[in-house]
There are 2 protein chains.
Amino acid sequence: MPSIKEVAALANVSPATVSRVMNGTAKVDEEKRERVLKAIQETGFVPNEAARTLFKRSAKIIGLVIPSIENPFFTQFSGAVERTADAHGYKVVLFNTDGEIEKEKNILQMLSAMNADGIILTTSSEGVDSDIQNCTIPVVVTDRLTKKNVADAYVHCDHYRGGRLAAEHMIENGCKHIVCLRGKQDISSARERYLGCKDMCSERDIKVQVIDCDYSFEAGLKATEEMLKTYPDADGIVACNDIVAISAYKVLHQNGIKVPEQIQLIGYDNIQLSELMTPELTTIAQPIEEIGRKAVELVLQQKENDEKEYILEPKLIIRETTKNKKNGGKG
Amino acid sequence: MPSIKEVAALANVSPATVSRVMNGTAKVDEEKRERVLKAIQETGFVPNEAARTLFKRSAKIIGLVIPSIENPFFTQFSGAVERTADAHGYKVVLFNTDGEIEKEKNILQMLSAMNADGIILTTSSEGVDSDIQNCTIPVVVTDRLTKKNVADAYVHCDHYRGGRLAAEHMIENGCKHIVCLRGKQDISSARERYLGCKDMCSERDIKVQVIDCDYSFEAGLKATEEMLKTYPDADGIVACNDIVAISAYKVLHQNGIKVPEQIQLIGYDNIQLSELMTPELTTIAQPIEEIGRKAVELVLQQKENDEKEYILEPKLIIRETTKNKKNGGKG
DNA sequence: TTTACTTTTGAAACCCGTTTCAAGATTGAT
DNA sequence: ATCAATCTTGAAACGGGTTTCAAAAGTAAA
């Protein structure tokens, strides 16, 4: 509530001097400096961010745009972004789009109006490409990709490779009839994962069937039920993410199908949940923490980098829903 | 990037008129109004929030302070807060304290500097009581309570009643030897839950033992292992929250103990995960959505309400980790 | 047509921290 | 002691919407 003027008056100096003491932007006579510090203490002065932002044209804010706060993957990602941003002295403002393009456009505009210093987008339908391009603040797109090169940088995990890794593990564990519960094909990550899985299977001459699904639990439930009817002789499920894999397990369990003995199951993302559940889920890990860190770093270095795309490696995490040496093929 | 001046110049009116058109704060000649609208369109003008905030002393922001973004309960809560705030035209800025008092103090100060319009605190160690009291913006404390009446309002679920409900269900399902995996006793919610459980058990002459724990997965794992050694004849576990219950299940499963046949298990919170897991977890539901909604509403109605405390009812959700009629006592 | 009143409009003040700029003070060298 | 160079300091401008206030314009009544 008290302003810099009151502090200045109390310390018997000018507002400029108070500003200099607070920011260390210039040397101030030691005696005056102490008077200022004392006045700040006494008044409980905290500089108004809006005024500072207005002048500096920087709110020390990074906008993080995710499709849903209730999806554990994005939540973990947010944690990583927040930690890194905090270490750099930036605040994170989180926005969900709920998958709505209109919301996404509004958010971009709002962040611009808020004098945000950068935007990390994990949710970009192609409809907002032009909005991204028009953004005057740095935009880093992670996880999901837009078609054209419209953002300032991209960070993502190699989903194609992840898909191959998943399929390969299933095949090496003896699966002969794999079903892919594949995600929405207009989302690049889902498209890539499926492609990797399909390619690997055809290279090894393994049959692969597809059930369409999206990244949600409910969709996973339905897709798995459909799968049991359509492909009753399946012996391996490659799910598009962990949430879907968990729902698949639930349906298999309800139907008395043993995992991994009768059907093996692999997820994607390595969300915390995948390790908490019983049995623990075999999955493909994305280096979430690293993606978050890299995204923040890229968004903060406004200088143009030649390398605009950072691709990180996925990793196979073998746990209990697939057969493997560790547990003697039992699961 | 363009300012109101440029728009005004293009439309051949004063900045004041542009402001009036944008905000509808006064009648403007229809012809001029259209010129302004056109100029806004052409320049892509978006008013600078910092300037507006500076003058209005309101950033249209609600600060939400939680102990951890990776705890699903708080994540779901954030979702509810965000939805309600959005409906009222407010943005939400999320901060984690990671349980650190110093961070919490900084955050309160920062929100004040940001010209936030209100604060929802889910994490208040008693060390910040004075900071809350000194806050000039409305503060609503939810879920966890401070000792004294320092905030402007409180919203929470009746944890004591929830504890009773949990114990009662266990007893009615035949448990004779209950172990409570109780949370940190300096957190009011954990204290109340335990108290409710203990009281109900002693009223029904049932033995209740205690293992100390905190709200995390790792702590739950350890506590359960300890429990199996210390109280091998336990037939019911009342966990302090769902995360701990899930970790308990994991340990029981690893030890070949059947749930609910040999040991029954109940959690607390009804996080999404509790329904996703197999078997589905019996738990006490907090009306998360309602707590979030109420908290936002309270924080926005700055006028003093007589009723400063809102206590919502918990609800027993019977699923598969306790014996019950629905599944013929099998689980 | 003049007087009285209402409506529309722009100039200027305002919000408040930061920075520039030039004046004033200090230090150092000669 | 004198001049130059360096440092410290406050006044004032700045950022960009919003609002006040008084002037200008328009309307209605007399």
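In this text the structure is predicted, and so the values were computed from the model without any measurement.

## A look at the overall build of chain A
- Of the regular secondary structure elements, chain A holds 13 helices and twelve strands.
- A globule of 331 residues ought to have a C-alpha radius of gyration of about 20 Å, yet chain A, at 25 Å, is considerably larger.
- Overall, the C-alpha framework of chain A stretches about 85 × 40 × 35 Å when taken along its three principal axes.
- Counting over 331 residues, chain A shows a buried share of 56%.
- Sequence-distant contacts in chain A: of pairs separated by 6 or more residues, those separated by 24 or more amount to 69%.
- Entry remark: accessible area of chain A is about 14,600 Å², with carbon and sulfur atoms responsible for 47%.
- Positive and negative charge centroids in chain A, built from 42 and 49 side chains respectively, lie 2 Å apart.

## Some points on the relation of the copies chain A and chain B
- Of the transformation placing chain A onto chain B, the axial shift is 0.0 Å and the rotation is 180°, giving an RMSD of 0.1 Å. In the structure described here, the two chain copies are related by an operation that fits a two-fold rotation axis.
- Comparing interface residues between copies, 98% of those in chain A also sit at the interface in chain B, which points to an isologous, same-surface contact.

## So, the interface of chain A and chain B
- Taken together, the contacts link 44 residues of chain A with 43 residues of chain B.
- Among the residues chain A hides against chain B, the three largest losses belong to E70, L276 and T278 of chain A. Together they make up 17% of the total.
- Applying the counting criterion to the chain A and chain B interface returns four salt bridges.
- Inspection of the chain A/chain B interface yields 14 residue pairs in polar contact (both at pLDDT 80 or more).
- When residues in the side of chain A that touches chain B are grouped by element, the largest group, seven residues, is from helix α5 (residues 72–87) of chain A.
- Of the residues assigned to the side of chain A that touches chain B, the class counts are 21 nonpolar, twelve polar and eleven charged.

## Side note on the pairing of strand β1 (residues 61–66) of chain A
Residue and element names in this part refer to chain A.
- A large share of β1 lies buried, amounting to six of its six residues.
- In β1, alternate side chains face the same way, and those of I61, G63 and V65 on one face and I62, L64 and I66 on the other are all buried.
- Pairing geometry for β1 and strand β2 (residues 91–96), over six bridges, is parallel. Residue pairing in the sheet places V65 in a bridge with F95 of β2.
- Between β1 and its parallel partner β2, the chain crosses via α5, and the hand of that crossover is right-handed.

## Remarks on the sheet that holds strand β3 (residues 118–121) of chain B
All names here are of chain B.
- The six strands are arranged β2-β1-β3-β4-β5-β11 in an open sheet whose pairing can be described as parallel. The open sheet is flanked by β2 (91–96) and β11 (309–312), the only strands paired with a single partner. Across the sheet, the mean angle from the axis of one strand to that of its neighbour is 15°, orientation sign disregarded.
- The pairing of β3 with strand β4 (residues 139–142) spans three bridges and is classified as parallel. Across the sheet, I120 pairs through a bridge with V140, a residue of β4.

Each value, and the rule that gives it
Counting starts from 1 at the beginning of each chain's written sequence and moves along it residue by residue. Lettering of chains starts at A and numbering of ligands starts at 1, both following the order in which they are written. The predicted nature of this model means local features are confined to residues of pLDDT at least 70 and side-chain atom pairs, given and counted, to a pLDDT of 80 or more, with totals for whole chains, interfaces and linings taken over all residues. Hydrogens and water are ignored here; the side-chain numbers use all heavy atoms of the structure. Secondary structure elements are taken from DSSP: a helix is a run of H or I of four residues or more, a strand is a run of E of two residues or more, and numbering for both begins at the N terminus. We take the radius of gyration over the C-alpha atoms and set the globule estimate at 2.2 Å times the residue count to the 0.38 power. Burial here depends on accessible area, computed with a 1.4 Å probe over protein chains only, as a share of the maximum for the residue type. Under 20% is buried, over 50% is exposed, and the range in between is partly exposed. It only takes one pair of heavy atoms within 4.5 Å for two residues to be counted as in contact. Note that accessible areas follow from Shrake-Rupley with a 1.4 Å probe, and for residues the cover is restricted to the protein chains shown. Positive charges are assigned to Lys and Arg, negative charges to Asp and Glu, while His and the chain termini are left out of the count. The atom standing in for a charge is NZ when the residue is Lys, CZ when it is Arg, CG when it is Asp and CD when it is Glu. When the copies are superposed, the least-squares fit draws on C-alpha atoms of residues that have pLDDT of at least 70 in both. Summed over both partners, the accessible surface that disappears when two parts come together, traced with a 1.4 Å probe, is what is meant by buried area. Put simply, a salt bridge is a Lys or Arg side-chain nitrogen that is within 4 Å of an Asp or Glu carboxyl oxygen. Side-chain atoms alone can form a polar contact between residues adjacent in sequence; in general such a contact is a pair of N or O atoms within 3.5 Å, and within protein one must be able to donate a hydrogen while the other accepts it. Any residue outside Ala, Val, Leu, Ile, Met, Phe, Trp, Tyr, Cys, Pro, Asp, Glu, Lys and Arg is labelled polar, Gly included; the first ten of those are nonpolar and the last four are charged. We call two strands paired when DSSP finds no fewer than two bridges between them. Look down the strands so they point away from you; if going from the first strand over the helix to the second traces a clockwise path, that crossover is right-handed. Here an angle of 0 to 180 degrees is reported between the N-to-C directions of two axes, which are lines fitted to C-alpha atoms, with helices fitted over the stretch in contact.

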